[in-house]
Structure formats: C-alpha cells, structure tokens
Amino acid sequence: MDKILSLSEGGDGPGELQQYLSSLSNDQLIKVLTNAALKGKNIGATIKGIFKGSPHNDPKGSGRRLLLYQHFIPLCESGDLQSEVAADIIGLLMLEVKAPNLSGACLAEVASHFVEAIKSGKMASGKSLELFPSVLTALAACESLSFGKGELSGEEYKKQLINSLCSSRDVPLSPEELQFLLEKVLRMFGKLELQEVPPLIYQLLLLSAKGCKKQVLDGIIGYFNEQDLQQKDEQERGESMELEVQAIPKDQLRHVEGTAILHIVFAIRLDHDLGREFLKSLKVFELLKGAITKSFRDEFLKQGSKMLKDLFPECCSVAQMIRDTVSNSVFGWDHVTQGLVQLGFFLMDTFGPKPGPFGKPAESGPSGAARTPNQQACLLGRQVLLEGFKMHEPIRGEILEQVLNRLVTKTASPVHHYIDLFSDIVVSAPMILLESASKVTETFDNLSYLPLATVQGLLKAVQPLLKVSMSLKDSLILVLRKAMFSSQLDGRKSAVTGFLLLLKNFKVLGSLASSQASQGISSSQIQVDVHSRYNSAANEAFCLEILSGLRRCLGQQADVRLMLYEGFYDVLRRNSQLASSIMQTLLSQLRRYYEPEQDLMPPVKLEPCITAQGDQVFLQEPLGHLLSCTVHSLLWLQSQRPLARPNDSDDEEAEDDEEGGYKSELMAILDSVTRRLVKSELEDFELDKSAEFSTASSVGVKNSIYAVLVMGVYEVLLEYNFIKANYSKSGLEELLELFQRYQKLAEILKEKSGKGRTSAKPPRSLLSMGFVSKLLTTLFRDSTLSREEGLSVLRSSPDFLRYALAVALQKIQQLEDSGHTDGPDGHAPDKAFGFLCDLTGVLMWRYTNIPGAVEAGGKKEKRCSLSQMCLEGLLRIFTTCTQRYPDRTAQLLSTMTTADATSDDPEPNADDITEISFFYIRQFQRSLFNQLSGLEEEFNSKEAQLLISILSVLSRQLEPSSQQFVSMITWTVKICKETSFEDIAFTKGLLSLLFGLHALYKSPVSLMLELCQDIHSQMGDIDQVRCVLSLPIKRFHHKPFIVLLILAQADKVLDEVDWLIAKKKADRPSEGPLTAPPQDPVEKAMTVQLGTLLTALNELVQTALLPGGGTDTLLRALSRTYTTLTTLVKYYIQVCTSQPGALPTRFEKLVRLSGSHLTPQCYSFITFVQTGELAGNDKKKKRRDEASMVTAKLLRETKAIPNLIFSIEQYEKFLITLSKKSKVNLMQYMKLSTSRDFRINAATLEAALQEQDSQEASQEAEDTPPQPQKKKRKKK
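Residues numbered from 1 in each chain as written. Predicted model: local features only at pLDDT ≥ 70, side-chain atom pairs only at ≥ 80, totals over all residues. Heavy atoms only, no water.

Colleague: What is the right way to look at the overall build of the protein chain in this model?
Modeller: Secondary structure assignment for the protein chain yields 51 helices and four strands. Split into buried and exposed, the 1276 residues of the protein chain put 48% on the buried side. Of the contacts formed within the protein chain by residues at least 6 apart in sequence, a portion of 74% connects residues at least 24 apart. Counting every atom, the protein chain has about 62,700 Å² of accessible surface; 52% of that belongs to carbon and sulfur. (Helix = DSSP H or I, 4+ residues; strand = E, 2+ residues; numbered from the N terminus. Buried < 20%, exposed > 50% of the residue type's maximum accessible area, 1.4 Å probe, protein only. Contact = heavy atoms within 4.5 Å. Areas by Shrake-Rupley, 256 points an atom, 1.4 Å probe, with all protein chains shown as cover.)

Rendered as structure tokens:
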C-alpha cells in the first residue's frame, strides 16, 4: 500500500505507477485493499492512486477499475467496515462512475453485480445501494452494449436490468417486507416513463403470487385512473387556453393501458387466486348493473329536484365511462371487447321492454326518447354493441348472431330494441354486414313463425341490404312465397308485408322521383343503383309477378286484405309505373261490392262483406279501407300527373286514354255511390233505430259490422267530395247532406251499443290526418273571398265542425299511443310531425280568436264547446310532441307565432325553447286568468283543467334557472292565493302544478308547511280549539284531497332525504376518522328538510281531520318519517364511532323538535283517530253489511297505528345508542307515552256505555209508533 501511495504522490508519473499495479495480481491487490479498508487507514488515497494508475482506455486499467467495484460493493455490505469508511469508499466509487472513467462493458458488469447481490439477499446493510442509481444513469447514457449475440442501447439494457431486478419473486420476503417493497415500487410509477410501466406491471403481477394481490391491483388501477384524470385536465386546460402540447399523449396512454390489460389477463389465467381477488373488488356484470342503474336513477332523481342538483352539481357518469371504454378499446384492448359484448347484451336483456299482460307481447311502436332509468340502461347496451360492431371485426359475427337469435327466440317478449340495434348496424355499416349475409338468410327461414310486429321491423331494417345484395333478395322472395301459403294467418300476413316492402323499394324506371314520392330510405354508405345491374324489363316483370301473387290474397281473411289496402297506396307513390296494375286490381275488387243498377238502393252490397261460421259472424271485406285506398290512390295520381309531364300535352293525352279504362270508371262509381247514398235512408241498410246492435246475438254483431262499414264509406266519400267540390257551394252542400246521414247512423250506433256500458268507444275514423289538418285550416282560417260562399255551408253546421275536431283529437291520440296513424303518410314520422304543426297553428288560432263564451249554445249543451275541443287538441299535441318528438318542440311551437296576431308580446326567438315556450305560457295564463276573473257560475271547470295541464306540459320546457321559470312560479302562487272557486279537480291540478314547479326551483317543504298551517287553522284542532291565522294561501275548502297531495309530496321529500343519507354513507371512508367539514352542506340540507317536514306534519296531526283515507295516509307518512329519522340516527352512530364528539348542533335541534313537538302530538292523534272512528262506527251500525265494512276499515286503519308506534320506539331505541356514542343526552327531549299502556279507564268506559245505551234507545223509539208516555218514561 505504501508503494502505491508513494508512486501516486510522487514518482516519475503515471507510467511507473501503472507498471507497478500491472505487476500485482488481482489477489494481491484485493488483499492490500481489504487490509487498508479494515484498518480504515489511507484507504481513500489508495483507491485514488489505483484509479490514477488504471487508465480507462487500457484493458488492464479498465479491469482494475471494475475489480474495485466488484470488491468494495460486497465488502461495504458485509458490515465489517466502519460506517465512515464505507461511506468514503462509496463516495469515491461514485465519482468515478461517470463516463468515460468507466466503460460501458464495466458499467454493465457493475449493474449486473448489483442485481445478483439484490436477488441473492446479500444487500444486508444497503450502504452500497447509493451507488446503484449512478451506475444506471451512466449506463443509460451509453450508445451501445453487447448483449447476448446482439447489441442493445444503454437505455434498453437498463430496462432489462430493471425488469430482472423487479422479478424478485425468488427472493424470500416476509409479509411486511413484501408490502413495503410493493408500496415503494408503486410509488415509483409516477417517476417512470410511460413506456417503462408495462414491464414493471408484469413483474409486479408475478410478485403478487407471494401475497398482497389486492394491493397490486389497486395500485395499478389507481395509477391509470390518475393518468386518465391528468390527461382529461390537460385536455380541458388545452381547450380553454388553446394549448397544443400535452404531457401525456392520449393515444400512447391508451396503448399502454391496453398492454397492462393484456398482462393482467394473462396473470389471472396463471394465478386463479389473483382472478378471485379481482372479482372481489369488481363483481363484473352484477356490479356494473348496479352501478349503471344507480347512476341513471340518481340522475333521474336529480332532474326532478333543485336541492339535489345544487348539492351534487356534477356526478361521475358510469354510462359515460363505459362509452369511453368502448371508444378506447380501439387502442389494442382486445381482451376487453368480449366483455363489452357480454355487457351490452346483458343490459339489453335485463332492462329491455317486458311482455304485456297475460304473456302477450307488448305493442312495439316507434322508439321514443329513453326517459326511465331502465330505458336508458337498455339504450346504453345498444350503443355499446353498435360501437363495438363498427370498431372490432372479430366480434361482428357474434354480435350479429346473438341479435338475430334473440329476434327468433324471444317470440313472447318485445324485441323492437333488438330490431333498432339491427337497423342501426345496417344503416351504419351495410357493406360490412353483407359479409355475414348468410346469418340474415338463416333468419329469413323463420319469418313465417315470428310475430307480425317482429317481421315488419326486421324487414324494414334489412331493406337497405336488399338493394345491394341480389342473393339476399332472392332468399327473401323464396321464403315469402312459401309463407304465402302458410296455414297460419300471421305467416300469410308476414308474406304480404315482405312483398309490399319489395314493391316499394324496387322501382321500375320511369317512376316518379323519390322526392316526389316522399321516399325516406337512404344510407350514406350505400352507393349502389339496382338499375345499373338489372334492366327495367326485369324489374317490371319482377314487380308484376309479386302483384299477381298479392291479388290472390284478396280472397283471404279481412286482416290480410286490410294490410294490402294499407300498403298499396305507399307502393303506388314509390313505384308509380305500377299504377295501372294496382288501380285495375282495386277496381276489380270494388266492382264486387258496387251495385251497378242506378235505381237500386243502397249503392253498395254489404252481404258479401261478411262471413258466417255457425252462429258466429265475421268481417270478410273491410269495404271502407278498400274504398279509402282506391280514393287516395286516384287523388294522388291526379295530383302528380301534371308534375310528371308539365309540357308534353300529346303524351298526357295518350296517357289519359290509356288510363281511361279505370280512371273514368272509378270516378263514375264514386259519383254514383255519393249521389245514391245522399238519397238512401238507413232503412235501406236495415240499420234504423229498430235494428238490434247487441253483441250477444249474431244479428246484433252483423248489424254492428254493417254500421261500421257504412260509416267508413261515408267518411271516405266525405274526403273525396270535399277535394272534388273545389269549394263550390253545391258540392259542399251535397257533402253536408252526406255528413248528416253519417251523423244519424253514428248516433244510433252510439245509443244502441252504449247501453249497459259506461261509454262506447267510437270506431276509428278513416279520414286521413293530412285531410283533417287541411279541413280544419280551411274551416277556421281560410279567408279567400271566392271560397267564402261554399265554406259558409260547412261553417254554419256546428255538428260538422265538432266532428272535424273530434276526428283530429282521435288522430292525435293515436299518434301519441302508437307513433303512427291510419291512412296515407300515417307511418311517415316527418309527415306526421308536419300535420301536427299545421293542427297546432289552426287550433291555437281558433281558441285565441273565438272564445268559448261567445259560441252559440255553448253553455246550454252538456257537450264541450269547440274552443274546449281545440284546447284539448293542443294539450294532446304538446304531450305527443314531448314524447315522440322531444327534440322538435321548439319547431312545433314556432308554427304558432302568427296564431295570435293581436298579441302585444314581441315574437320570441324560435331557436330558444325557453323563450318560445314562455311566449305561449303567457297566452294560456291570460286565458286562465279570464276564466277565474268571471263569476263562479260562468266558470268552466273542464277548460280550466285543460289550461292547467297545458301550462304544466309547457313549463317543463323552461330552464329552471331562467327568469321565465321564476315568473311562472310567481304567477302560480298568485293564482293559488287569489282563487276562490270550490272546484276539486281544478284545485288539485293547480296545486300539483305548484308543487312540480317548486321542486325544480327550490324544495317544496316550505310550501307544504304553509298549506298545513292553512288547513289546521280552518279545520280546527283535534281538541276543537280553533285559531285564526293570516293565511298565506286561501280558500282551499276541500281539505281531504289537499292533505293527500301534501302527503304525496312528503313521500318525495323523504325519498330525497333517504337518498342523501345513502349517499353520505357510501362516501364515508371504510376505515379511519371522518374528515368532513363541520358545516357539511349535505348534512345541513338533510336536517333542514326533515325539520321543516316535521313542523308541517306537526300541524297536520293537530288538525281535526275527517275519518277516512286521509287519516290512514297520514299515519303511514308519520311512520315513514320516523323510519327516516332512525336511518339518520344510525348514520350519526357510524360518524361518532369513528370521530367522537362529531354530532352537529343542527341534529340536536332536530331531535328536540321530534321529541318535544311531534311525538306527543302523534300519540294524541292516535287517540283522536281511535275515539273518532269508534264513535262514527256506532252510528253506522244499522245493517250487518255496513257493520262488516266498518269493521274491515277499522282493522285496516288500526294496522297503521302499531306500525307508527313501533317506528317511534325504534327511533328512540337508536337515540339511546347514539347518546352513549356521542356523550350527548339526546333522550332528555323524549317523553314517555302511555299509548302502549292498555289499561282500562273506568270513567271513560262508563261514559261510552251510557252513550251507547242512549243511542240504542233512540233507535228503538224511531222504529215504534209514537207513544208520548213511553217516550217521557225513557227520558227519566
């Protein structure tokens, strides 16, 4: 050592020192270094001298440098050196790590030495580990290193070392050491580059075999959650600050997440315990199902409560997370896609529509907006499957197969949600779907066995594919031909549906343009013209062949014929070149029932329209629908021919000659039928007042069928003759005569069929909705002078106006119920919405310009006025629009902007739904105010109720935070205060509107308190002590139903409080003290809500309510209130368990309020109910049956009393527990009750018996002849 020191300090230079060191062997050098280190004498100078005499560019020098590291690292860990000496040695070694002092190969050797020492457990003291990061840093700076048979960069070699180091599963570790190691590694996640994370995750998953599986999974999931939040925050800041650089690229993060998912999946396959631990923390579909439904239900509850919105303005959306997962799965998340498919079908199966009553499939109308939590969950499943189908090729076949399987197998349940999914797949990816056309073909084979609604939806969904796939079309045609001869009626109806669909979509060249035919079928991905492959002659032959097959259906049951008549019109519009064949078919069918002899009455034959099987009579030919199809087809052809060839007169004349065979004959038949029907009497049809219409006899059934057929013929001819008359006076006079015949028959049918029933539903009108819209617009708003004389004929008939409005109401109701109407354009949503807009404008104009008070005979007749019918129509239109067209409400309301030309209000912005809704709310408010401003004798209750209902519907379109909404509440409160009319239905509607508005603006508990105070003041105390208050809301004299309304609102308030308590429990940490702020807004809201509710109920329990349902409902409401209080007490027991002394002062005040005010009054109310009911029962015991009814009622109501007492005692029981936990005496506010002390009060019993004897004696005196002496004796 001395020689090394002397040469290092003096000598002739490094050369002599280098020669000396080269002369020493490794063992000699190690011995020198070990002795110097153990003695702690000049070891630093010795190490410096060796480094000085060992050039890094000399192989021997480089070897000696490596030898120093390999020797001193285990020596420092041995514990034989003094701490100061070991620290100095490590410090000197650390200085020489930097390049080029240590070559890349030497750095790799040193790093490997560290890894082996760590794995073998030789790092006892860990003193040398300070050197390891410096080695890794220097290693990462190297450009290339030899590794195996190839080369790696220093950075890549460092990753290999880290992976090898992290694979510490072979190192024996205690549970504490393992947990410490995992915590340290998981903390290092945030310091690593994103690409370095997956290898580390892989090693951690292998290490989890030793234990701490949950910790590993939670750490991995927590890291990626943190990265997602950070990426989301950066994205939001980038959008607001217009930043273009992101610290975490989204694509890179998603790919890393996909790799992590891959590692987890493989680790679970190898370690089932890890999989079970994963399932414990994530119970897959059941957990997701609960989370999804809870998320939707919470959002649904928040939408109806301003208080909940304020407390929880933004909540984490589970549905949005699932949608994000679907979107992110495109970044290599292959192991997630299968689970997404299962989740999607699980949601659709679980939350889809359920079967109707008696197991029948419910009617599958057009899909409206998803409103309920179940509908939203089902829609989420549909979105997951649709996006998965578009993004991932491997799962497309499975999704399609499962969808089609459900269409075939779920015949007893509604499947229109699966049809909607299939339709979405076809529209979004038709060419992709053609790759699985064989699966669709297999489904076609089952068409004749499926419900008709399923067949219609499936064929409508698949129609875009039929345009681009000849093989698919041929397969469908083959199946439909077989179904045409099916023994099942539904099978034949399915065949008709399919063939009509083909006729609509395979146009013959020369037909009118699709825009003229209102063809609404399109797909952005379908760019194929079927005529480019198949010539016109082939298409025409194909369509004529189908028509020939359909003609045979005209000899089948009425349902099959009806489908044909409803479909021929749409076929004609979309494939006008088939007009001649279709019209000839209709004409041939019509001739069977037309009486050609002009002198014979009636002009139609009704006998062939029915068929009999034994004593039963059935409809065979829907004559009205046949005539309707013929008329509408003829009118449409007449309206379109000028558009087809506006300038080619020669071709037009030739075409007219060609059509003359059916056109002129049809017009002659229609004119003849009209003329003779006007002259015909009901006796000609044997349908006069003497006819029988009972459904119990075959004659009555036959006459009822005849009456409906004749009324349908009348209605079709009304529509035809109105258009033909072209507003001429003579033509409209003839139409009015026709209507009078119709009305007479309708009244007879209503009178006869209505006997023995509460109401007889009128048959469905055959007038088209488009015609009704046009007719009402013409009758009410057409001011053209040339038409005035003719229209005055119809306007002068109140019955005709009423009939037109009644049909409009029927059509609107049908559209609301089923999503479509009968007749032309009834199944076209856009057309139907256009008709609604037209009707809205004309009905609004009629109502606002001609008040019901000025209508002749409006008050004398029991039936409603025309203005009231217009108002009812507006209500149905608004309701239909919000349900069927929720996104087009503003467009509907904008059609009424010119309805009230005299309005002083400026026209609203048509794009602002709040502004335009409030514009019309003000008009309806004025109408209601006018109703309430008149005398009570002139008050129209029905009209006022309709106005309240309209205001309720329109107010839902207002933004709750807008000034218009505040104005709406202010006006409603003002009306409630000033209204004095004693009308139960109107008052109920008005209060319901007020409660609904308050819930969206602020909590309704304050309003409930005011009403309860008002009721208490007017009905008096249970001890008959009355008081007079300054009433905030006056003159609601019908208290019982108001009490029921208030208690219904109390249930909603308790629902919200229960939800808040559950929310607080869920948000509490499972372990550790509670760290909530002392002024927690949620706890404050719960306490305030319950406190105000207790005060309101305190008013009611002191009120002398009449015996009946109100008292029973109040008892149940009180019981539930105490149950909610008990739940709140249990929550604070948990709080005080983890954080003693954390009981808020507000809660103590609530307990004091319940104990000192409400509970004693509850016991008094129980006594009042029992004594009042028993006293009332004694008066009712006149007959045994009445006594039985009263006894049953008592048993029912007394059941609520024990439930209430039990709830109170449970509340007090847990209060005792809370008092012990919180060290606060909460029971000081409770008073013991005697309601459960069933001792007999002798004085009360004697008084009751004497009163009973007196009543029995009085009853006997009433039943015997008057005898003054006996009566006097009884009085003694």
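Colleague: What is the right way to read the confidence of the model for the protein chain from this model?
Modeller: One rule of thumb: low pLDDT means the predicted coordinates there are not for detailed reading. Per-residue pLDDT for the protein chain averages 78, and the proportion of residues at 70 or more is 79%. In the model of the protein chain, helix 51 (residues 1268–1275) stands out as the element of lowest mean pLDDT, 40, in contrast to helix 34 (residues 769–781), which has the highest, 93. In this model, residues 240–245 is a region of pLDDT below 50 whose contacts with residues beyond four sequence positions or in other chains number three contacts. Low pLDDT (under 50) marks residues 1266–1276, which in the prediction has two contacts with non-local residues, meaning those over four places away or in another chain. (pLDDT = per-residue confidence, 0-100.)

Colleague: Got a minute to help me understand the pattern of salt bridges in this structure?
Modeller: A side chain of one charge can pair with a side chain of the opposite charge when the charged atoms of the two come close. On inspection of all chains with the given rule, the structure shows 28 salt bridges. For Asp424, the salt bridge identified is with Arg382, shortest N-O distance 2.8 Å. Here the residue Asp424 occupies a position in helix 21 (residues 416–428), and Arg382 occupies one in helix 19 (residues 373–391), the gap between them amounting to 42 residues. Note on Asp424: relative accessible area 24%, which makes it partly exposed. A salt bridge links Glu387 to Lys390; its shortest N-O distance comes to 3.3 Å. With Glu387 and Lys390 both in helix 19, this residue pair falls three residues apart, about one helical turn. (Salt bridge = Lys/Arg side-chain N within 4 Å of Asp/Glu carboxyl O.)

Colleague: Mind showing me how you'd approach the environment of Gly304 here?
Modeller: When you line up the elements, Gly304 lands in the loop between helix 15 (284–303) and helix 16 (306–311). For the pair Gly304 and Gly996, spaced 692 residues apart in sequence, the C-alpha separation works out to 8.3 Å.

Colleague: In this structure, what is going on with the pairing of strand 3 (residues 610–613)? I would like to understand it.
Modeller: Each regular strand carries side chains that alternate between the two faces of the sheet. With four bridges connecting them, strand 3 and strand 4 (residues 616–619) associate as antiparallel partners. The partner of Ala612 across the bridge, within strand 4, is Val617. (Pairing = 2+ DSSP bridges.)

Colleague: Teacher, can you tell me more about unusual backbone geometry here?
Modeller: Glycine aside, the phi torsion of most residues is negative, and most peptide linkages are trans. Backbone torsion omega between Met601 and Pro602 reads -5°, so that peptide bond is classified as cis. Structurally, Pro602 can be placed in the loop between helix 29 (579–591) and strand 3.

Colleague: What should I look at first to understand the environment of Val1088 in this one?
Modeller: When you line up the elements, Val1088 lands in helix 46 (residues 1081–1101). Along the primary structure Val1088 and Arg1146 are separated by 58 residues, whereas in three dimensions their C-alpha atoms are 8.3 Å apart.

Colleague: Sorry, what's going on with a negative patch on the surface here?
Modeller: A contiguous patch of negative charge, built from Glu936, Glu937, Glu938 and Glu982, is present on the exposed surface. Within the element layout of this structure, Glu937 appears in the loop between helix 40 (913–933) and helix 41 (941–955). (Patch = residues over 30% accessible without salt bridge, like charges linked within 9 Å, V, L, I, M, F, W, Y side chains within 5 Å. Lys, Arg positive; Asp, Glu negative; His and termini not counted. Charge placed at Lys NZ, Arg CZ, Asp CG, Glu CD.)

Colleague: Whenever I open this one, helix 24 (residues 452–466) confuses me. Can you help?
Modeller: Each turn of an α-helix holds 3.6 residues, which means side chains three or four residues apart point in the same direction. Taking 1.5 Å as the rise per residue, helix 24 with 15 residues should run 21 Å; its terminal C-alpha atoms sit 20 Å apart, in good agreement. Where burial is concerned, most of helix 24 is hidden: twelve out of the 15 residues are buried. Within the sequence span of helix 24, burial applies to Leu452, Thr454, Val455, Gly457, Leu458, Leu459, Ala461, Val462, Gln463, Pro464, Leu465 and Leu466. (Expected span 1.5 Å × (residues − 1).)

Colleague: What should I look at first to understand the nonpolar core in this one?
Modeller: Most often, soluble globular proteins keep nonpolar side chains buried together rather than apart. If you look at the biggest cluster of nonpolar residues, it comprises 291 residues, and the most contacted ones within it are Phe422, Leu447, Leu502, Leu550, Phe878, Phe924 and Phe1147. Counting residues per element, this core draws most heavily on helix 32 (residues 698–725), which supplies 14 residues. Beyond its immediate sequence surroundings of up to four residues, Leu447 is in contact with Val455, Leu458, Leu459, Leu476, Val479, Leu480 and Ser494. (Core = buried A, V, L, I, M, F, W, Y, C linked by side-chain atoms within 4.5 Å.)

Colleague: Can you walk me through the packing of helix 18 (residues 334–351) against helix 19 in this structure?
Modeller: Helix packing for two helices is described by the angle between their axes and how far apart those axes are. Interhelical geometry of helix 18 versus helix 19 gives an angle of 150° and a closest axis separation of 8 Å. Relative to helix 19, the element helix 18 is oriented roughly antiparallel. Judged by the sense of rotation from one axis to the other, the crossing of helix 18 with helix 19 is left-handed. Note on element contacts: helix 19 touches helix 18 through Asn374, Ala377, Cys378, Leu380, Gly381, Arg382, Val384 and Leu385, opposite Leu340, Val341, Gly344, Phe345, Leu347, Met348 and Phe351. For the contact of helix 18 with helix 19, the per-class residue count stands at eleven nonpolar, three polar and one charged. (Axes fitted to C-alpha atoms, helices over the stretch in contact; angles between N-to-C directions. Parallel < 35°, antiparallel > 145°, perpendicular 65-115°, else oblique. Left-handed = near helix turned anticlockwise from the far one by under 90°. Nonpolar A, V, L, I, M, F, W, Y, C, P; charged D, E, K, R; others polar.)

Colleague: Can you walk me through the packing of helix 41 against helix 43 (residues 984–1001) in this structure?
Modeller: Between helix 41 and helix 43, the shortest axis-to-axis distance is 9 Å and the interhelical angle comes to 10°. By the angle class used here, helix 41 and helix 43 are roughly parallel. Here the hand of the crossing between helix 41 and helix 43 comes out left-handed. On helix 43, the residues touching Ala944, Gln945, Ile948, Leu951, Ser952 and Ser955 of helix 41 are Ala985, Phe986, Gly989, Leu990, Leu993 and Leu997.

Colleague: I tried to follow the packing of aromatic side chains on my own but got confused; where do I start?
Modeller: Each pair of aromatic rings is reported with the distance of its centres and the angle of its planes. Under the defined criterion, the tally for this structure stands at 17 aromatic pairs. Consider the rings of Tyr223 and Phe224, whose centres lie 5.1 Å apart with planes at 65°: the pair is edge-to-face. A single burial state applies to Tyr223 and to Phe224, both of which are buried. Three or more aromatic residues joined by ring pairs form one cluster here, namely Phe739, Tyr742, Phe800 and Tyr803. Of note, Arg846 hangs over the ring of Phe780, and the distance from its end group to the ring centre comes to 5.4 Å. The ring of Phe833 carries Arg888 above its face, with NZ or CZ at 4.0 Å from the centroid. (Phe/Tyr/Trp six-rings, centres within 6.5 Å; stacked < 30°, edge-to-face > 60°. Lys NZ or Arg CZ within 6 Å of the ring centre and 35° of its normal.)

Colleague: It is not clear to me how the environment of Val426 should be interpreted in this structure. Could you clarify?
Modeller: Within the secondary structure, Val426 is located in helix 21. The exposure class of Val426 is buried, given its relative accessible area of 0%. A C-alpha to C-alpha distance of 6.8 Å links Val426 and Val462, two positions 36 residues apart in sequence.

Colleague: Just checking my understanding: could you explain helix 3 (residues 26–39) for this structure?
Modeller: Between its terminal C-alpha atoms helix 3 stretches 20 Å, which fits the 20 Å expected from 14 residues at 1.5 Å a residue. Residue Gly40 follows helix 3 closely and has a positive phi angle near 70°.

Colleague: How should the side chain of Gln925 be read in this particular structure?
Modeller: When you line up the elements, Gln925 lands in helix 40. Leaving out residues up to four positions away in the same chain, Gln925 has contacts with Leu951, Met968 and Trp971.

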